[in-house]
Amino acid sequence: MRTRLLTFAAAAALSLSQFGCIKAMLTNGQISATRQGSGALDTIADFEVGQTAAAAGLVQFEGMHRLAPDNTDALFLLTKGWAGYGFAFAEDAMDVAQDKGDDDLAAYHKKRAKMAYERAVFYGLELLGHEADGFNDAKKNEDTFKKWLDKNFDDKDDAANLFWVGYAWLSRVNIGKDNPALVGELFVGVAMLEKSVQLDPSYNHYAGETALAAYHSRTAMSEMDQSKQLFEDVLAKTEHKSLVVPLNYATHYACVKGDRALYEKLINEVLTADDPDPQQRFTNMIAKRRARRALQKSRMEDCGF
């Protein structure tokens, strides 16, 4: 009798173990398929549909991560998803509130954007941690951090991870630039974007190079010539099909430079473009939405026009 019980217990344990393995395989397969299909939203040019889908997707990705905490696809989806949500929706709502003069509502949406970027950075660092240890020690200064990146990230496939973590890092600094501690570590995000561009400059329609071009024109005393050169380079490479490029060229370089003619030319290029790339409809729609606001009197005055 005892032998039978032991045999049954062993069989039950094996069955549960196999069930756990099958469940994990199904979960990981679902996450992988979700990542492969996540680009479908890029073809939709409807702001409300995109916002609803993005919010629902984030809840789904959070659940996936809880079920499979070591799955790097889930971590990637969370990093990209939260960074994208902060830019496309939370910051958009903040800008709308600012234009209406509603400071309380603008502060609320600014807090939402900051939370989104912080969450993206949190998951992004966990994602990078699957490739390399020692992030906190490496970021003690710019030189040690670049050496850490060079030592641990040398594959083209690393470009995507580094881009989204770097982008979220820079966006978090930008939204919280009144925090000296964040500003003091700006170099971390810049270095990750630079490494991403080095590994795969064309990733996400040259988004890394676009982000760096905007960074180099952060103030009138920064690297304005380098910014202009990068923007012109990306315009040529993307064949003017990625409307976030001329938008950023206008709202960063032309605005800081005080070049009203260039500013208006670039903004009008965005506004008059007619679906230049079906695979970038969503981001191009966001660019058009922001370009319309960029011609408002208050925003023109912020540029000194």
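Our subject is the structure listed above.
Let me sum up the structure you'll find in this document. Treat the numbers as computed from the prediction; the structure is a model and nothing was measured. What you see as residue numbers is a count from 1 along each chain, following the sequence as written. Residue-level local features of this predicted model are given only where pLDDT is at least 70; pairs of side-chain atoms are given and counted only at 80 or more, and the full residue set underlies all totals for whole chains, interfaces and linings. Side-chain metrics in this entry use all non-hydrogen atoms of the structure; hydrogen atoms and water are not considered.

## Some remarks on the side chain of D158
Phase 1: For D158, the location among the structural elements is in helix 7 (residues 158–175).
Phase 2: Whether a residue is buried, partly exposed or exposed follows from its accessible area with a 1.4 Å probe, protein chains only, as a fraction of its type maximum: under 20%, in between, or over 50%, in that order. His is not counted here, nor are the chain ends, while Lys and Arg score as positive and Asp and Glu score as negative. Think of a salt bridge as a Lys or Arg side-chain nitrogen and an Asp or Glu carboxyl oxygen that are within 4 Å of each other. At 8.2 Å, K195 is the nearest oppositely charged side chain to D158, a buried residue that forms no salt bridge.
Phase 3: Sequence-distant contacts of D158, defined by excluding residues within four places in its chain, comprise E131, N152, F153 and L199. Going along the chain from the N terminus, every DSSP run of H or I of four or more residues is numbered as a helix, and every run of E of two or more is numbered as a strand. Should any heavy atoms of two residues lie within 4.5 Å, those residues are counted as being in contact.

## Comments concerning the packing of helix 12 (residues 244–257) against helix 13 (residues 260–272)
Phase 1: Axes, fitted as lines to C-alpha atoms, cover a helix only where it is in contact. Angles between the N-to-C directions of the axes lie from 0 to 180 degrees. Helix 13 packs onto helix 12 with a crossing angle of 165° between their chain directions and a minimal axis gap of 8 Å. Taken together, helix 12 and helix 13 sit at an angle that is classed as roughly antiparallel. Handedness of the helix 12/helix 13 crossing: left-handed. Here helix 12 contributes P246, L247, Y249, A250, T251, Y253, A254 and C255 to the contact with helix 13, which in turn contributes L262, Y263, L266, I267, E269 and V270.
Phase 2: Under this grouping Gly is polar, as are all residues other than the nonpolar Ala, Val, Leu, Ile, Met, Phe, Trp, Tyr, Cys and Pro and the charged Asp, Glu, Lys and Arg. Here the residues of the contact of helix 12 with helix 13 are counted per class, giving 12 nonpolar, one polar and one charged. Orientation labels follow simple angle bins: below 35 degrees gives roughly parallel, above 145 gives roughly antiparallel, 65 to 115 gives roughly perpendicular, and whatever is left gives oblique. Note: crossing handedness is left-handed where the near helix turns anticlockwise from the far helix by less than a right angle, and right-handed where it turns clockwise.

## Observations regarding the packing of aromatic side chains
Phase 1: Any Phe, Tyr or Trp ring, taking Trp's six-membered ring, that has another such ring centre within 6.5 Å forms a pair; planes under 30 degrees apart are called stacked, those over 60 apart edge-to-face, and the others tilted. The full count for this structure, using the stated rule, is 17 aromatic pairs.
Phase 2: Measuring from ring centre to ring centre gives 6.0 Å for F135 and W169, while their planes differ by 65°; the resulting arrangement is edge-to-face. Note that F135 is positioned in helix 5 (residues 135–138) and W169 in helix 7, a separation of 34 residues in sequence.
Phase 3: Using a relative accessible area of 12% as the deciding quantity, one classes F135 as buried.
Phase 4: Given a relative accessible area of 3%, W169 falls into the buried group.
Phase 5: Ring centres of F163 and W164 lie 4.8 Å apart, and the angle between their planes is 80°; on these two criteria the pair is classed as edge-to-face. Comparing F163 with W164 shows no difference in burial state: the two are buried.
Phase 6: Taken together, the aromatic side chains of F47, W82, Y85, F89 and F282 make up a single cluster linked through ring pairs.

## Comments concerning the side chain of E209
Phase 1: When you line up the elements, E209 lands in helix 10 (residues 203–215).
Phase 2: Looking at E209, its side chain comes within polar contact range of the side chain of K237, at 3.4 Å.
Phase 3: If we skip the residues at most four places from it in the chain, E209 touches V197, L230, D233, V234 and K237. N or O atoms within 3.5 Å of each other form a polar contact, as long as, within protein, one can give a hydrogen and the other can take it, and as long as residues adjacent in sequence are counted only when both atoms are side-chain atoms.

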